[in-house]
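Commentary on secondary and tertiary structure
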Amino acid sequence: MRYFLMLAFLLWGGHATLYAQHVLYGKITGNNNEVLGGSHIHIAENFASADPDGNYSVSVPRGWNRLYVSFLGYKQVDTLIQVTSDTELNLMLKQEVSALAEVVITDQTNVPVVARELTRKTVEQFSSASIGDLLREIPGVSSLRSGTAVVKPIIHGLHSSRVVIVNNNVRMEDHQWGAEHAPNIDVNSAGSVSLVKGAEALRYGGDAIGGIVIIEPQNIPLRDTLYGQTILNGATNGRGGSISSSITKGTKSGWQYRALGTYKHFGDREAPDYVLSNTGNRELNAMANIGFRGDGFGFSADYSFYSANIAILRASHIGNISDLVSAINNESPSVVNPFSYEIDAPRQQVAHHLAKLAYYRQMPIGKLSLQYAFQYNNRQEFDIRRTESGKPSLDLDLSTHSVNADMDSKFGRISVTYGISAQYQNNTPNPQTGVRRLIPDYNKYDVGAYATVKKQVDDKIRLEAGARYDFSRIDAIKYYLKSRWETNGYNADFNEIITGDFGTQWRTNPIFNYHNLSASTGLTYSVSDATQWITNASIASRNPNPSELFSDGLHHASGQIELGDLRLEKEVVYKISTLANFEKDTWQIQVNPFFSYIDDFIIDAPTGIEQSIRGAFPVWEYMQAPVRIFGIDAGAVYTAQNFGYKSDLSYVNGTNLETDMPLISMPPLQWKNSVTYRNENWHQFSAGIRSEAAFFQSRYPDNDFIADVSIDGQPVRTNVNISRPPAGYHLFHFNSSMEFGGFANSTVHVAFNIHNVMNTNYRDYLNRNRYYSDDIGRNFTLQIKINY
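Since the model is a prediction, treat every value here as computed from it, not as a measurement. (Residues numbered from 1 in each chain as written. Predicted model: local features only at pLDDT ≥ 70, side-chain atom pairs only at ≥ 80, totals over all residues. Heavy atoms only, no water.)

Another point: the overall build of the protein chain. Scanning the protein chain from N- to C-terminus turns up seven helices and 46 strands. For 788 residues, the compact-globule formula gives about 28 Å, and the C-alpha radius of gyration of the protein chain, at 26 Å, lands near that figure. Projecting the C-alpha coordinates of the protein chain onto the three principal axes gives extents of approximately 80 × 60 × 45 Å. Going through the 788 residues of the protein chain one by one, you find that 59% of them count as buried. Partitioning the intrachain contacts of the protein chain with sequence separation of at least 6 by distance along the chain shows that 67% fall at a separation of at least 24. Between the centroid of the 68 positive side chains of the protein chain and the centroid of its 78 negative side chains there is a distance of 3 Å. (Helix = DSSP H or I, 4+ residues; strand = E, 2+ residues; numbered from the N terminus. Rg over C-alpha atoms; globule rule 2.2 N^0.38 Å. Buried < 20%, exposed > 50% of the residue type's maximum accessible area, 1.4 Å probe, protein only. Contact = heavy atoms within 4.5 Å. Lys, Arg positive; Asp, Glu negative; His and termini not counted. Charge placed at Lys NZ, Arg CZ, Asp CG, Glu CD.)

Here A345 and P346 are connected by a cis peptide whose omega angle stands at 0°. Locating P346 in the fold gives a position in the loop between helix 4 (321-330) and strand 23 (347-363). Not every positive phi belongs to a glycine, and S665 is a case in point at roughly 60°. Mapping S665 onto the fold places it in the loop between strand 39 (661-662) and strand 40 (670-679). Judged by relative accessible area, which is 17%, S665 ranks as buried. Notably, Q684 is not glycine yet its phi reads approximately 55°, a positive angle. Along the polypeptide, Q684 turns up in the loop between strand 40 and strand 41 (685-694).

Moving on: the pairing of strand 15 (residues 211-216). For strand 15, the buried fraction is high: five of the six residues fall into the buried class. Where strand 12 (residues 163-167) lies against strand 15, five bridges are found, and the strand directions are parallel. Residue pairing for strand 15: V164 is matched across the bridge by I212. With five bridges connecting them, strand 14 (residues 192-196) and strand 15 associate as antiparallel partners. From the neighbouring strand, L195 faces strand 15, where its bridge partner is V213. (Pairing = 2+ DSSP bridges.)

So, on to the packing of aromatic side chains. Scanning the entire structure with this criterion turns up 22 aromatic pairs. Consider the rings of W255 and F292, whose centres lie 5.0 Å apart with planes at 50°: the pair is tilted. On the criterion of sequence distance, the pair formed by W255 in strand 18 (residues 255-266) and F292 in strand 21 (residues 281-293) is long-range, its members being 37 residues apart. Taking relative accessible area as the criterion, W255 reaches 33% and is therefore assigned partly exposed. Overall, the relative accessible area of 15% leaves F292 in the buried class. Note on W255 and F299: the rings are 5.7 Å apart at their centroids and 80° apart in plane angle, and the pair reads as edge-to-face. One end of the pair, W255, is in strand 18; the other, F299, is in strand 22 (residues 297-311), and 44 residues separate them in sequence. The class for F299 is partly exposed, based on a relative accessible area of 35%. Chaining the aromatic ring pairs together yields one cluster made of W255, F292, F297 and F299. Sitting over the ring of W506, K482 keeps its end group 4.3 Å from the ring centre. (Phe/Tyr/Trp six-rings, centres within 6.5 Å; stacked < 30°, edge-to-face > 60°. Lys NZ or Arg CZ within 6 Å of the ring centre and 35° of its normal.)

With that out of the way, let us pick up the nonpolar core. By size, the foremost hydrophobic cluster in this structure holds 41 residues, and its most contacted members are I603, I629 and V720. For this core, the element with the most residues is strand 36 (residues 587-612), which contributes six residues. (Core = buried A, V, L, I, M, F, W, Y, C linked by side-chain atoms within 4.5 Å.)

This brings us to a nonpolar patch on the surface. A surface patch of nonpolar side chains, amounting to about 490 Å² of accessible area, comprises W255, Y257, I290, F299, Y359 and L370. In this fold, L370 is placed in strand 24 (residues 366-382). (Patch = residues over 30% accessible without salt bridge, like charges linked within 9 Å, V, L, I, M, F, W, Y side chains within 5 Å. Areas by Shrake-Rupley, 256 points an atom, 1.4 Å probe, with all protein chains shown as cover. Salt bridge = Lys/Arg side-chain N within 4 Å of Asp/Glu carboxyl O.)

Right, let's get into the environment of T148. The topology assignment puts T148 in the loop between strand 10 (141-145) and strand 11 (151-155). In the structure, T148 is positioned 163 residues away from A311 in sequence and 9.3 Å away in space, judged by C-alpha atoms. Not counting chain neighbours up to four residues away, the residues in contact with T148 comprise R269, L276, T279 and I776.

Within this structure, the stated rule accounts for 25 salt bridges. In this structure, R484 engages D552 in a salt bridge whose closest nitrogen and oxygen atoms are separated by 3.1 Å. Of the two residues, R484 is situated in helix 5 (residues 482-487) and D552 in strand 33 (residues 552-555); the sequence distance between them amounts to 68 residues. Pair check on accessibility: R484 and D552 agree, each one buried. Measuring nitrogen to oxygen at the nearest pair gives 3.5 Å for the salt bridge that ties D565 to R567. Taking relative accessible area as the criterion, R567 reaches 33% and is therefore assigned partly exposed.

What the four strands build is an open sheet, ordered 3-2-5-6; its pairing is antiparallel. Strands at the two margins of the open sheet, each flanked by one partner only, are strand 3 (46-49) and strand 6 (77-83). Direction aside, the axes of adjacent strands within the sheet are offset by 25° on average. Note that strand 2 (residues 40-43) and strand 3 share four bridges and pair antiparallel. (Axes fitted to C-alpha atoms, helices over the stretch in contact; angles between N-to-C directions.)

To continue, consider the confidence of the model for the protein chain. The predicted coordinates ought not to be read in detail in places where the model reports low pLDDT. For the protein chain, per-residue confidence averages 85 on the pLDDT scale, and residues scoring 70 or more make up 91% of the total. Within the model, pLDDT remains below 50 along residues 1-20, and this stretch shows 58 contacts once partners closer than five positions in the same chain are excluded. Predicted confidence is poor over residues 97-115, with pLDDT under 50, and the contacts of this stretch with residues over four places away or in other chains come to 71 contacts. (pLDDT = per-residue confidence, 0-100.)

A word on the environment of D397. Mapped onto the elements of the fold, D397 is located in strand 25 (residues 394-411). For the pair D397 and L89, spaced 308 residues apart in the sequence, the C-alpha separation amounts to 52 Å. The residues contacting D397, other than those within four sequence positions of it, are Y376, N377, N378, N426, N427 and T428. A polar contact is formed between the side chain of D397 and the side chain of N378, at a distance of 2.6 Å. (Polar contact = N/O pair within 3.5 Å; in protein donor to acceptor, adjacent residues only side chain to side chain.)

Next comes the structure, spelled out in structure tokens:
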């Protein structure tokens with residue numbers, strides 16, 4: 001019955017979804033008449049890329065619109081055009097020898113930033129940071145932190161397995177289920193970063209109930225050229241920095257090459273009043289690409305390597321229950337040592353390899369794209385041990401093979417995209433760690449198929465709809481302590497999966513099969529030349545991930561004991577989102593409310609404290625309940641000749657409908673404002689002040705519990721205040737930059753920034769180390785970027 005209702009919903013969407021626009025089309029060439037295939041076009045809320053012959057076609061609202069067209073190595077087109085019917089517009093871009101940054105939309109200081117896409121220039125500002133830090137620049141995106149260097153995006157209150165990250169058209173598989181597992185991506189490899197929702201997201205999977213982050217590499221121009229870029233960063237907080245350097249070669253014949261390397265080195269970060277001991281990190285990353293773009297076809301081969309050694313706050317690993325209760329209730333770190341560059345246990349070390357082969361061909365019925373990708377991820381987590389300090393407590397090898405075949409076709413005003421995908425994944429824990437496996441051996445098989453349709457209806461309306469089917473199977477070998485097996489009640493429900501008796505443990509072979517159907521339908525209506533209304537409704541499903549099903553022990557990277565549940569069912573989400581966009585003269589305003597109902601939502605919540613031979617740790621358990629999540633993102637941008645103002649507001653409200661209690665880890669109300677002054681005649685001078693306010697999260701569940709704490713040798717029943725969020729905070733940041741001519745055709749861009757200007761003490765509710773220490777204090781950064 002559920003699938004019948006979903007199909008009926010999809011069919012209704014195909015007839016009722018509307019999108020209002022004309023078609024702007026034409027050809028893009030350079031000033032030497034060279035074809036600029038792959039050029040990026042952005043107009044209103046719509047994006048397109050020119051095909052290999054330079055031809056493009058994009059939907060445009062009736063009336064005046066701002067048009068941006070860009071191609072690496074050429075000056076960007078930024079102009080206003082009036083559209084009253086289908087219009088042909090051929091464009092010629094001029095070469096710009098010193099221009100390096102690929103632009104999908106203009107940089108945020110010059111264009112409405114409420115758009116859900118970040119440009120290469122914005123990416124460069126975060127060269128020494130992480131993808132998670134960068135994504136916070138998109139309105140409505142927060143971050144979940146585990147200390148200073150582990151950052152994950154939160155979209156409308158959802159994170160980890162609910163947010164899919166696609167890097168260079170490859171869905172990342174890097175143990176992303178962990179809240180303390182940051183995406184294994186070098187931010188410097190990104191040409192643009194965008195947030196995708198609606199029918200277009202079905203191409204990458206039906207389980208991205210929070211959204212899909214698309215990270216695309218820079219385009220390489222189809223002309224004879226050789227250029228490079230080096231970015232140097234230094235920071236006072238952490239007393240370290242980074243260097244990233246790339247070299248790119250393009251040819252008229254179609255061959256193209258790129259290589260990039262990055263190194264980051266930071267020591268202990270510091271809060272305003274003390275050192276955050278053992279919070280340094282190292283990164284060593286590399287990538288290489290070779291490709292060919294011919295007449296109607298092309299292919300490419302890519303390889304990237306990411307490695308990181310990340311220290312975990314020493315104060316988050318505590319030896320006994322009394323010290324743990326004291327740390328949580330007193331809100332002060334138990335370990336404060338002098339500053340150091342050493343990375344000691346507890347720490348995590350990760351390495352991720354990604355290799356990809358891709359081929360495309362223009363065919364009579366459309367563009368066929370074929371791709372094979374291989375990923376290998378090794379994750380090691382090191383605990384504080386009395387002996388064998390060099391041996392990891394967790395050592396996981398994850399291998400993933402994936403294939404995709406996609407077809408993009410156009411039939412007049414109708415665009416159709418459809419495809420199939422398959423994936424095989426193997427996870428193998430190292431049995432030599434001397435610690436019971438948190439995540440078991442498993443094989444995972446996935447097969448999926450999707451189709452999306454977009455159709456122009458009339459001057460004001462366009463419709464969009466899509467559907468996807470996925471089959472998934474997970475086959476695991478898991479060892480359970482007999483005591484835990486009985487405590488969980490598995491002896492009544494899962495005795496048939498026991499395959500061996502090993503004294504104190506059962507060996508089991510759990511196998512789960514899932515069938516999922518997802519659908520999306522969307523509507524866009526041009527109310528007037530300045531106002532546009534967009535809405536989307538969707539149904540999606542997400543299977544429980546291996547961590548939620550099988551976790552059974554201490555997770556050293558997070559400093560907590562995690563307990564999964566074999567009874568967990570798949571989540572099913574029903575979501576509607578609508579966006580109103582107003583743009584006229586120097587103002588743009590967007591308002592985006594959303595509402596989700598999620599059946600069998602998987603919740604990870606603290607339930608107590610457990611003493612182990614390695615210390616005392618809070619226990620977090622996975623459970624399920626129906627939930628409701630709603631909220632709003634709002635943004636405004638004002639752009640004048642030399643001044644700019646930007647404001648973003650985000651609010652999320654989540655409720656467990658079974659208990660009528662607020663959901664844990666929902667982002668609080670956040671409000672960001674910035675004022676910028678620019679003067680192009682002063683070496684492209686720019687300076688601005690940014691205000692970042694996070695309000696107190698007054699909606700939180702009461703998960704406090706009682707524990708026996710030793711006082712003067714006697715156990716005393718003590719309340720552990722693990723639930724109440726920290727106070728809200730208000731930070732100020734400063735940024736400035738200038739650009740100078742260098743040697744030959746090079747340019748030198750210099751930026752000086754200050755994070756947390758007032759050196760404010762604060763704790764972020766979405767930082768899992770908030771129980772043990774304050775967040776980082778004032779940080780001066782200097783960036784020197786050389787384009788040559």
